[in-house]
Amino acid sequence: MEIWTKEELKQIINERDEDRLYELHEQIENSQWRCSYHVQTVTGLMNDPNGFSFYQNQWHLFYQWFPFGAVHGMKHWYHVVSDDLVHWKNVGLCMKPTLNYENAGCFSGSGFVKDNFLYLVYTGHHNEPDGQVIEYQMIAAIDDTNHLTKLKRPIIMPQSGYTEHQRDPKIFYENEKYYILIGAQDAEKHGKMLLYSSEQIAAGWTFCGELKVEGYDHFGHMVECPCIEKIGDKWLLFFCPQGIEKKENAYQNAYANVYLIGDLDLETLTFKPDTDLEELDKGFDFYASQTAYQKDNRGTAILAGWFGCSDYTYPSDDEGWANLVTLPRELTIEDGKLLQRPCKQLASLKGDVLFDAENGIVKKDILLRKMPNSCVMHLENPSNSDIELDLFSTDLRKGFSISYKQRNGKLEISRKQLSNQINPSFGTERSVMLDTLRVLDVYVDHSAVELFINDGEYVMSARIFPTEEEKKIRMSGKDINLKIWNMQTSVKDDFVVFPKEEEDAAEN
């Protein structure tokens, strides 16, 4: 394990680092664990997706980035764009910590489009000389030439009565006002969410109060990455509570990402849930999800999450890179339930059919038990039979196992029999309980697996790091229909350090 000094962790990228970063990228681009159709860090460490927005007829996504290694150092923002949520292009560095209010990093935030600008509201993480931490809410704007301008002063100062942990602003517009929702920790070390409002996007912000959630006094010891989205006439409230007590089949990860469906009353600052608190993803590796800004309420939302979690390590860390963004998900509310489906455009990446079985009878098989590094599997189970898929297996070990038992309705994924054990202190198995397993879609991308269960009823995400020896596939299930396609590359592993435009700063 590489040891980093405080000075190395505080590095801010500049032009003289360009050659060094290109060398770092060349070292990692041939890794067997680099992905084909997931957004992945170009170098160093990626964490939260930020500023996700539809702007100038493109999808814009930013992610937290420490360029120099797979550690949580000084946070920058890196910028990628897509025309279709599938084919992503690296634009380059978007934002680096240049102001005193962000002298310890540009932390997470969200996007909002107005007057032909993409506004980015984010947290400036500041350290005083004595080590005291202060978090400010900042704003920047990108124009249609990709030129970034920051306001030099915060739009929201720290709120008294709470600890220094006040961050991750989500901006939205309702009832002819702008609102910002922030994750926070109160003086008693309880997780809270704070709400601010303004009639202007870059000034005039006032504190409204805590967002009260009926039935809940608080959420763990801290709330991070709150996000709120209206779908139809219902609101979805997402957030990441830290310190939630583990339960059977729930909250097994280091930190959770949860949601509620309900009604939002901005007059009383109250969210009235229709549902119990639920995890967005029932797998191993998912955190800091964010929905994309779209001007119109289209009856659906687009969500992306960090394909990782704080305090986790991965085998790719030793190669100098860490983490991905999950596949974009289309969210709908149907019969009072949240459904999460892979974005429809992913179907365009399907290539040749590698395997095809109908009613349990094999019609085509060019896999010959060899596991493809990049593929999508579609399984239908009309008789609700037991199923097992062992991916990246060997003759003696199951590899990454997906199993379903009809007798108790348990669908389980397991990393227990992979050679590279990943964060085993948080467990090697995850499961959901189903009335029946009707359909299963499995997206495999080298070191990433995402399961969409029963047309989006549940999602389970897992990072895996198979060795060269783990290269087989086993399948079993009575009367099932199973088709496997290879997946084309849609995220080119090219590297742009500096885009054409550099950031600027403006007076408030």
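Above this note sits the structure.
Everything in this summary refers to the structure shown in the same document. Treat the numbers as computed from the prediction; the structure is a model and nothing was measured.

### Digging into unusual backbone geometry
Logical step 1: Its identity as a non-glycine residue notwithstanding, Asp 168 has a phi of 65 degrees, on the positive side.
Logical step 2: Examined against the element boundaries, Asp 168 turns out to sit in strand β9 (residues 162-174).
Logical step 3: At Asn 423, a residue that is not glycine, the phi angle is positive and equals roughly 45 degrees.
Logical step 4: Mapping Asn 423 onto the fold places it in the loop between β30 (410-417) and β31 (429-433).

### What to know about the sheet that holds β30
Logical step 1: Taken together, the 5 strands give an open sheet; going across it, the order is β31-β30-β29-β28-β35, and neighbouring strands pair in antiparallel fashion. Bordering the open sheet on either side are β31 and β35 (472-477), each of which pairs with just one other strand. Along the sheet, successive strands turn relative to each other by an average axial angle of 5 degrees, direction set aside.
Logical step 2: In this structure, strand β28 (residues 387-393) lies alongside strand β29 (residues 399-405), joined through 5 bridges in antiparallel fashion. Paired with Glu 388 across the strands is Ser 403, a residue of β29.

### Some details on the layout of surface pockets
Logical step 1: Looking at the largest pocket, its volume works out to about 680 Å³.
Logical step 2: In this structure, the largest pocket is lined by 27 residues; those nearest its centre are His 72, Gly 73, Lys 75, Phe 107 and His 125.
Logical step 3: Secondary structure elements with two or more residues in the lining of the largest pocket: α1 (6-9), β1 (44-55), β5 (106-114), β6 (117-127), β7 (133-142) and β9.
Logical step 4: For the lining of the largest pocket, the element with the most residues is β9, which contributes 4 residues.
Logical step 5: Class assignment for the residues of the lining of the largest pocket results in 7 nonpolar, 10 polar and 10 charged.

### Quick look at the environment of Leu 118
Logical step 1: Tracing the backbone through its elements, the reader meets Leu 118 in strand β6.
Logical step 2: Of the residues examined, Leu 118 reaches a relative accessible area of 0% and is grouped as buried.
Logical step 3: Sequence separation between Leu 118 and Leu 354 is 236 residues; the distance between their C-alpha atoms is 43 Å.
Logical step 4: Excluding anything up to four places from it in sequence, Leu 118 contacts Ser 53, Tyr 55, His 60, Phe 62, Gly 111, Phe 112, Val 113, Ala 140, Ala 141 and Ile 142.

About the criteria used
- Residues numbered from 1 in each chain as written.
- Predicted model: local features only at pLDDT ≥ 70, side-chain atom pairs only at ≥ 80, totals over all residues.
- Heavy atoms only, no water.
- Helix = DSSP H or I, 4+ residues; strand = E, 2+ residues; numbered from the N terminus.
- Pairing = 2+ DSSP bridges.
- Axes fitted to C-alpha atoms, helices over the stretch in contact; angles between N-to-C directions.
- 1 Å grid on protein atoms, 1.4 Å probe; cavity = no way out; pocket = protein on both sides within 12 Å on 5 of 7 lines; lining within 4 Å.
- Points joined across faces, edges and corners; volume = space filled by probe spheres on them.
- Nonpolar A, V, L, I, M, F, W, Y, C, P; charged D, E, K, R; others polar.
- Buried < 20%, exposed > 50% of the residue type's maximum accessible area, 1.4 Å probe, protein only.
- Contact = heavy atoms within 4.5 Å.

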